[in-house]
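Overview (structure and organization)
Chain by chain, the residues:
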Amino acid sequence: MQWYEILVIVLAAAFVVGVGVWQIIRRKKGKVGCDCCSDCAHCSRCKRGEEKGENGKIN
């Protein structure tokens, strides 16, 4: 393998790891995307998250 092939593989692996870490950080902050629609105001999945009470259960 040439040096540029190894560099491409390392960069691709770093990109994949970076996306995974980014998703974990977003999940911990509570900013997960549902990918079901472009308007979360009408999304049943997103509205359900807003309805959670103080104890973390859905009202």
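Look up: the structure comes first, before these words.
These remarks concern the structure in this document. Each chain carries its own residue numbering, running from 1 in the written order of its sequence. Only residues with pLDDT of at least 70 get local features here, since the model is predicted, and only at 80 or more are side-chain atom pairs given and counted; chain-wide, interface and lining totals rely on the full set of residues. Excluding hydrogens and water, the side-chain figures rest on all heavy atoms present in the structure.

1. Considering the overall build of the protein
Applicable threshold: Helix and strand definitions follow DSSP, with helices as H or I runs of at least four residues and strands as E runs of at least two, each counted in order from the N terminus. Buried, partly exposed and exposed residues are distinguished by accessible area as a fraction of the type maximum, computed with a 1.4 Å probe on protein chains only: under 20%, between the cut-offs, and over 50%, respectively. Areas reported here follow the Shrake-Rupley algorithm with a probe of radius 1.4 Å; residue values treat only the protein chains shown as occluding.
On a plain count of helices and strands, the protein comes out with two helices and zero strands. In the protein, buried positions account for 5% of the 59 residues. Of the roughly 5,500 Å² of accessible surface on the protein, 60% is carried by carbon and sulfur atoms.

2. Brief notes about a nonpolar patch on the surface
Applied cut-off: Residues enter a patch when their relative accessible area is above 30% and they make no salt bridge; the linking distance is 9 Å between like charges and 5 Å between nonpolar side chains (Val, Leu, Ile, Met, Phe, Trp, Tyr). Salt bridge, as used here: a side-chain nitrogen of Lys or Arg that lies within 4 Å of a carboxyl oxygen of Asp or Glu.
Nonpolar side chains collect at one region of the surface, where Met1, Ile6, Ile9 and Val10 lie side by side and expose about 420 Å² of accessible area between them. One can find valine 10 in helix α1 (residues 3–29).

3. Details of the packing of aromatic side chains
Let me state the cut-off plainly: Stacked, tilted and edge-to-face are the three classes assigned to paired rings of Phe, Tyr and Trp, where Trp is represented by its six-membered ring and a pair needs centres within 6.5 Å; plane angles under 30 degrees give stacked, over 60 edge-to-face, the rest tilted.
Under the defined criterion, the tally for this structure stands at one aromatic pair. Note on tryptophan 3 and tyrosine 4: the rings are 5.9 Å apart at their centroids and 85° apart in plane angle, and the pair reads as edge-to-face. What makes tryptophan 3 exposed here is its relative accessible area of 63%. For tyrosine 4, a relative accessible area of 45% puts it in the partly exposed group.

4. Examining α1
As a reminder of what qualifies: What a helix should span is 1.5 Å times the count of its residues minus one.
Given a rise of 1.5 Å per residue, 27 residues ought to cover 39 Å, and the 39 Å separating the end C-alpha atoms of α1 matches this to within 8%. Glycine 30, located one to two residues past α1, shows a positive phi value of around 80°.

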